[in-house]
Amino acid sequence: MERIDWNSTGWEELAPYAGRVRLPGWDCTTGLVVGDGAALLIDTGSSLREGSRLRADTRKLLGAHARVTHVALTHPHFDHVLGTAAFSGVGVYGAVGLDTVLAHGADELCADAVRNGLPAREAASATEILVAPRHQVSGELTLDLGGGRQVLLANIGPAHSGHDLVVLVPGPREIVFCGDLVEESGEPQAGPDAAPHHWPAALDRLLELGGEDALYVPGHGSAVNAAFVREQRATLAARFGVS
Ligand SMILES: [Zn+2]
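Notes on the structure in this doc start here. (Residues numbered from 1 in each chain as written. Predicted model: local features only at pLDDT ≥ 70, side-chain atom pairs only at ≥ 80, totals over all residues. Heavy atoms only, no water.)

Looking at the sheet that holds strand 10 (residues 165–169)
- Spatially, the five strands line up as an open sheet ordered 8-9-10-11-12, and their pairing is mixed. Of all the strands in the sheet, the pair left with one neighbour each is strand 8 (140–144) and strand 12 (215–217). If you compare each strand with its neighbour and ignore which way they point, the axes differ by 20° on average.
- When strand 11 (residues 175–177) meets strand 12, the two strands line up parallel, connected through three bridges. Pairing of Ile 175 across the sheet is with Leu 215, part of strand 12.
- Its contacts with the sheet put helix 6 (residues 199–210) on strand 8, strand 9 (150–155), strand 10, strand 11 and strand 12, and the angle it makes with strand 10 is roughly 15°. (Pairing = 2+ DSSP bridges. Helix = DSSP H or I, 4+ residues; strand = E, 2+ residues; numbered from the N terminus. Axes fitted to C-alpha atoms, helices over the stretch in contact; angles between N-to-C directions. Contact = heavy atoms within 4.5 Å.)

In structure tokens form, the structure reads like this:
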């Protein structure tokens, strides 16, 4: 595999084969894991415009030797899913039931995006052609990206939303893309679709998957370590009155 120059597009290198970008506006993370001839994008941004920008970024990063072949959506919140149509033609993965939420909840997703400051026209155009995942993950699923690069998709919700999926990337240092189960740049958000009582247990599962030495990449904010996730678990447990 040719060396990827992550900085050339303003992305953060997490490993030679994995990086992420913090998108403007809502500081939402999009991740990329690269194999041989294939690559997995994790979350697609808050609009078609953002999705297109991500597509251009990934083309530049991957060059001739790979393209985005898989998309994993961590959960059905607008800032994580509205750019998916820019990647039409790739295999889209989500927690089982996410397809139904996106298929029947497009109006609510659009309204939520506008409430959060996305211009109404952009919200409408993105939700009109919303892409629902065709590949449902219940439990765990391994994706082979070629060149010995495998990633594990794990459905560990409901917690932050009704459909939380995390991505584990094995390597010298394991990387866990946490979606919004972990937030670093602000308080974890518990909206109407959250399952607060399950959240601490979901973080236990997250820590079990990643282990003590993994790099945990939150949906919003800087990458953190296991100690940070444990602390957030304790805070959430106290906040929601669960053990
Ligand atoms: Zn969220």
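The discussion continues.
What to know about empty space enclosed by the protein
- For the coordinates displayed, the defined rule picks out one cavity of 30 Å³ or more.
- There is about 50 Å³ of room inside the largest cavity.
- Lining the largest cavity we find Thr 29, Thr 30, Gly 31, Ile 42, Asp 43, Thr 74, Phe 177, Cys 178, Gly 179, Val 217, Pro 218 and Gly 219.
- The element that contributes the greatest number of residues to the lining of the largest cavity is strand 3 (residues 29–34), accounting for three residues. (1 Å grid on protein atoms, 1.4 Å probe; cavity = no way out; pocket = protein on both sides within 12 Å on 5 of 7 lines; lining within 4 Å. Points joined across faces, edges and corners; volume = space filled by probe spheres on them.)

Re the coordination of the zinc ion
- Around the zinc ion, the protein contributes the donor atoms His 75 (NE2), His 77 (ND1), His 160 (NE2) and Asp 180 (OD), at 2.2 to 2.3 Å from the metal centre.
- For the zinc ion, the four donor atoms in the first shell make angles of 90 to 171° at the metal, a pattern classed as irregular.
- Linear spacing of the donor residues for the zinc ion on their chain is H-x1-H-x82-H-x19-D. You can see His 77 sitting in the loop between strand 5 (68–72) and helix 2 (78–81) and its partner Asp 180 sitting in the loop between strand 11 and helix 6, a full 103 residues away along the chain.
- Judged by its relative accessible area of 16%, His 77 is buried. (Donors = N, O, S within 2.8 Å, 3.2 Å for Na, K, Ca; no water. Tetrahedral: all angles 85-135°; square planar, octahedral: opposite > 155°, others 65-115°. Buried < 20%, exposed > 50% of the residue type's maximum accessible area, 1.4 Å probe, protein only.)

Focus on the sheet that holds strand 4 (residues 39–42)
- The seven strands lie next to each other as 1-2-3-4-5-6-7, forming an open sheet whose pairing is mixed. Each of the sheet's edge strands pairs with one partner strand only, and the pair in question is strand 1 (12–15) and strand 7 (135–137). Strand after strand, the sheet turns through a mean of 25° between neighbouring axes, direction not considered.
- Contacts from helix 1 (residues 48–62) reach strand 2 (18–22), strand 3, strand 4 and strand 5 within the one sheet, and its direction differs from that of strand 3 by about 30°.

What to know about the side chain of Gln 232
- Mapped onto the elements of the fold, Gln 232 is located in helix 7 (residues 226–240).
- A residue is classified by how much of its surface remains accessible, and Gln 232, at 10% relative accessible area, is buried.
- Of the polar contacts made by the side chain of Gln 232, one reaches the backbone oxygen of Glu 183; its length is 2.9 Å.
- Setting aside residues no more than four positions away along its own chain, Gln 232 makes contact with Leu 181, Val 182, Glu 183, Pro 188 and Leu 203. (Polar contact = N/O pair within 3.5 Å; in protein donor to acceptor, adjacent residues only side chain to side chain.)

Observations regarding the packing of helix 4 (residues 106–115) against helix 5 (residues 120–128)
- Running from amino to carboxyl end, helix 4 crosses helix 5 at an angle of 155°, the nearest separation of the two axes being 9 Å. With respect to helix 5, the axis of helix 4 lies roughly antiparallel. For the crossing formed where helix 4 meets helix 5, the hand is right-handed. From helix 4, Ala 106, Leu 109, Cys 110, Ala 113 and Val 114 reach across to helix 5, where they touch Ala 120, Ala 123, Ala 124 and Thr 127.
- By residue class, the composition of the contact of helix 4 with helix 5 is eight nonpolar, one polar and no charged. (Parallel < 35°, antiparallel > 145°, perpendicular 65-115°, else oblique. Left-handed = near helix turned anticlockwise from the far one by under 90°. Nonpolar A, V, L, I, M, F, W, Y, C, P; charged D, E, K, R; others polar.)

Here's the deal with the side chain of Asp 43
- Relative to the assigned elements, Asp 43 resides in the loop between strand 4 and helix 1.
- Buried and unpaired, Asp 43 has Arg 20 as its nearest opposite-charge partner, separated by 10 Å.
- Among the polar contacts listed, one links the side chain of Asp 43 to the side chain of His 80, at a separation of 2.8 Å.
- The contact partners of Asp 43, leaving out residues within four places of it in the chain, are Thr 29, Thr 30, Ala 72, Leu 73, Thr 74 and His 80. (Lys, Arg positive; Asp, Glu negative; His and termini not counted. Salt bridge = Lys/Arg side-chain N within 4 Å of Asp/Glu carboxyl O.)

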